[in-house]
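# Examination of the molecular architecture
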Number of protein chains: 2
Amino acid sequence: MSKRFLALALGAALGGGYAASALAQAKPEVLVEQREAAMTLQAKYFYPIVFMAQGRIPYDAAIVSRNIGYLEVLTKLAWDGFQPSTADVKSKALPAVFSDPAKFKAAGENFQAEFAKLVAAAKSGNEAAVKTAVLDTNTKGCNGCHNDFRAKAQ
Amino acid sequence: MSKRFLALALGAALGGGYAASALAQAKPEVLVEQREAAMTLQAKYFYPIVFMAQGRIPYDAAIVSRNIGYLEVLTKLAWDGFQPSTADVKSKALPAVFSDPAKFKAAGENFQAEFAKLVAAAKSGNEAAVKTAVLDTNTKGCNGCHNDFRAKAQ
């Protein structure tokens, strides 16, 4: 096993009873890399669905179903990377993530609630309901958090 | 939606009938970022299990089950990032990925086969079987591909 993997492995991801000690040991740079990886993959699988909901590309129910299945996992993976130890690591996270953690947590829970409606819509197979839920998840969920807690792209 | 997300969204991830045209448009740098993100998250959730299988940290069945569930998705996400268009982008991928794609594909399938045994072992709930399958997945699966197709860490 390379030192690289070792460093990554000593990051978060132990969860449960180990979380506190493991997170205390995790290098802040590794935590940021891991949470950014989760964001990168959410974008990879979410934005094609947004384009479908916006009518910019054709709707494909099989891709919608596959991507939402992936996103059910991917949407869980970034949160434990926003540790106070990462506040000084260069990233797009705004200081408010760490100075107002209660508001950040509420924004995250709001995202999860919007995404849960999308998962339910996808399981119903109703294309119109999926499109509405995709757009709501994007505007109320993703952007609801990004507007207050993520630096604007240059 | 930011230009950043737009660029990401025009990457892979459309799959099916759109795959060829979407991948042809995807920026090689975005494909590399996405595949590296998938690798980063596989490390995040796999190496704690390796450490449990090696006896370096206590075995926790709940974490094993959760992480393997995440990995059932994460192990699918890197492959479409290894497009020929990315051959000249700086990364740890060795030239053999692109000069011997049949061997690379076989190494990937070998990894998937080892991982499938791990998923089956996890579903059985047999700790000894899980540990054996974790170590096999690491040595025969991950390393079987990394040895030939990934530059060694410095």
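Given the structure is predicted, the values throughout are model-derived calculations rather than measurements.

Calculation criteria
- Residues numbered from 1 in each chain as written.
- Chains lettered and ligands numbered in written order.
- Predicted model: local features only at pLDDT ≥ 70, side-chain atom pairs only at ≥ 80, totals over all residues.
- Heavy atoms only, no water.
- 1 Å grid on protein atoms, 1.4 Å probe; cavity = no way out; pocket = protein on both sides within 12 Å on 5 of 7 lines; lining within 4 Å.
- Points joined across faces, edges and corners; volume = space filled by probe spheres on them.
- Helix = DSSP H or I, 4+ residues; strand = E, 2+ residues; numbered from the N terminus.
- Nonpolar A, V, L, I, M, F, W, Y, C, P; charged D, E, K, R; others polar.
- Core = buried A, V, L, I, M, F, W, Y, C linked by side-chain atoms within 4.5 Å.
- Buried < 20%, exposed > 50% of the residue type's maximum accessible area, 1.4 Å probe, protein only.
- Contact = heavy atoms within 4.5 Å.
- Axes fitted to C-alpha atoms, helices over the stretch in contact; angles between N-to-C directions.
- Parallel < 35°, antiparallel > 145°, perpendicular 65-115°, else oblique.
- pLDDT = per-residue confidence, 0-100.
- Salt bridge = Lys/Arg side-chain N within 4 Å of Asp/Glu carboxyl O.
- Expected span 1.5 Å × (residues − 1).
- Polar contact = N/O pair within 3.5 Å; in protein donor to acceptor, adjacent residues only side chain to side chain.
- Left-handed = near helix turned anticlockwise from the far one by under 90°.
- Phe/Tyr/Trp six-rings, centres within 6.5 Å; stacked < 30°, edge-to-face > 60°.

All names here are of chain A. Taken as a whole, the second largest pocket holds about 260 Å³ of empty space. Trp79, Phe82, Pro101, Phe104 and Lys105 are the residues nearest the centre of the second largest pocket, which is lined by 13 residues in total. Of all elements in the fold, only helix 5 (96-99) and helix 6 (101-124) reach the threshold of two or more residues within the lining of the second largest pocket. Counting residues per element, the lining of the second largest pocket draws most heavily on helix 6, which supplies six residues. Tallied by class, residues from the lining of the second largest pocket come to seven nonpolar, three polar and three charged.

We now examine the nonpolar core. Counting residues in hydrophobic clusters, the biggest one holds 70 residues, and the most contacted among them are A:Leu74, A:Leu77, B:Leu74 and B:Leu77. Of all the elements in the fold, those that place two or more residues in this core are helix 3 (28-53), helix 4 (61-74), helix 6 and helix 7 (127-149) of chain A together with helix 3 (28-53), helix 4 (61-74), helix 6 (101-124) and helix 7 (127-149) of chain B. Other than its neighbours up to four places away in sequence, B:Leu74 contacts A:Leu74, A:Leu77, B:Ala38, B:Leu41, B:Gln42 and B:Tyr45.

This part takes up the packing of helix 6 of chain B against helix 7 of chain B. All names here are of chain B. Taken N-terminus to C-terminus, the directions of helix 6 and helix 7 make an angle of 170 degrees; their axes are 8 Å apart at the nearest point. As far as their axial angle goes, helix 7 and helix 6 are roughly antiparallel. The segment helix 6 lies against helix 7, with Lys103, Phe104, Ala107, Gly108, Asn110, Phe111, Glu114, Phe115, Lys117, Leu118, Ala121 and Ala122 engaging Ala129, Val130, Ala133, Val134, Asp136, Thr137, Lys140, Gly141, Cys142, Cys145, Asp148 and Phe149. Of the residues belonging to the contact of helix 6 with helix 7, the class tally is 14 nonpolar, four polar and six charged.

Residue and element names in this part refer to chain A. With 83% of its residues at a pLDDT of 70 or more, chain A shows a mean pLDDT of 87. Every residue in residues 1-21 is under pLDDT 50, and counting partners more than four places away or in other chains gives 57 contacts. Here the prediction assigns the complex a pTM of 0.86, and the interface score ipTM is 0.85.

A few words on the pattern of salt bridges. Residues and elements named next belong to chain B. In this structure the tally under the stated criterion is 13 salt bridges over all chains. Residue lysine 105 is joined to glutamate 109 by a salt bridge in which the shortest nitrogen-to-oxygen separation is 2.9 Å. On the criterion of helical spacing, the pair formed by lysine 105 and glutamate 109 is a turn pair, its members being four residues apart in helix 6. Residue classification places glutamate 109 among the partly exposed residues on the basis of a relative accessible area of 45%.

Residues and elements named next belong to chain B. The terminal C-alpha atoms of helix 6 lie 35 Å apart, and with 24 residues this matches the ideal 34 Å at 1.5 Å per residue to within 8%. Buried within helix 6 are the following residues: Phe104, Ala107, Gly108, Phe111, Glu114, Phe115, Leu118, Val119 and Ala121. As for helix 6, its buried residues are in contact with helix 3, helix 4, helix 5 (96-99) and helix 7. Glycine 125, located one to two residues past helix 6, shows a positive phi value of around 80 degrees.

A word on helix 7 of chain B. All names here are of chain B. Taking 1.5 Å as the rise per residue, helix 7 with 23 residues should run 33 Å; its terminal C-alpha atoms sit 31 Å apart, in good agreement. Looking only at helix 7, the buried set comprises Val130, Ala133, Val134, Thr137, Asn138, Gly141, Cys142, Cys145, His146 and Phe149. With a side-chain oxygen positioned 3.0 Å from the backbone nitrogen of alanine 128, the residue opening helix 7 is asparagine 126.

So, about the packing of helix 3 of chain A against helix 4 of chain A. Residue and element names in this part refer to chain A. The interhelical angle for the contact between helix 3 and helix 4, taken along N-to-C directions, is 150 degrees, at an axis separation of 10 Å. Relative to helix 4, the element helix 3 lies roughly antiparallel. Viewed along their axes, helix 3 and helix 4 form a crossing whose handedness is left-handed. Together, Ala38, Leu41, Gln42, Tyr45, Phe46, Pro48, Ile49 and Met52 of helix 3 and Ile63, Val64, Arg66, Asn67, Ile68, Tyr70, Leu71 and Leu74 of helix 4 make up the contact between the two elements. Grouping the amino acids of the contact of helix 3 with helix 4 by side-chain chemistry returns 13 nonpolar, two polar and one charged.

This brings us to the packing of aromatic side chains. Residue and element names in this part refer to chain B. Under the criterion given, the structure shown has twelve aromatic pairs over all chains. Ring plane angle 70 degrees and centroid distance 5.2 Å describe the contact between phenylalanine 104 and phenylalanine 149, whose orientation is recorded as edge-to-face. Here phenylalanine 149 lies in helix 7 and phenylalanine 104 lies in helix 6, a separation of 45 residues in the sequence. By relative accessible area, which is 4% here, phenylalanine 149 ends up buried. Relative to phenylalanine 115, the ring of phenylalanine 111 lies with its centre 6.1 Å away and its plane at 10 degrees, an arrangement referred to as stacked. One end of the pair, phenylalanine 111, and the other, phenylalanine 115, are both in helix 6, four residues apart, so they sit about a helical turn from each other. Phenylalanine 115 shares its class with phenylalanine 111; the two are buried.

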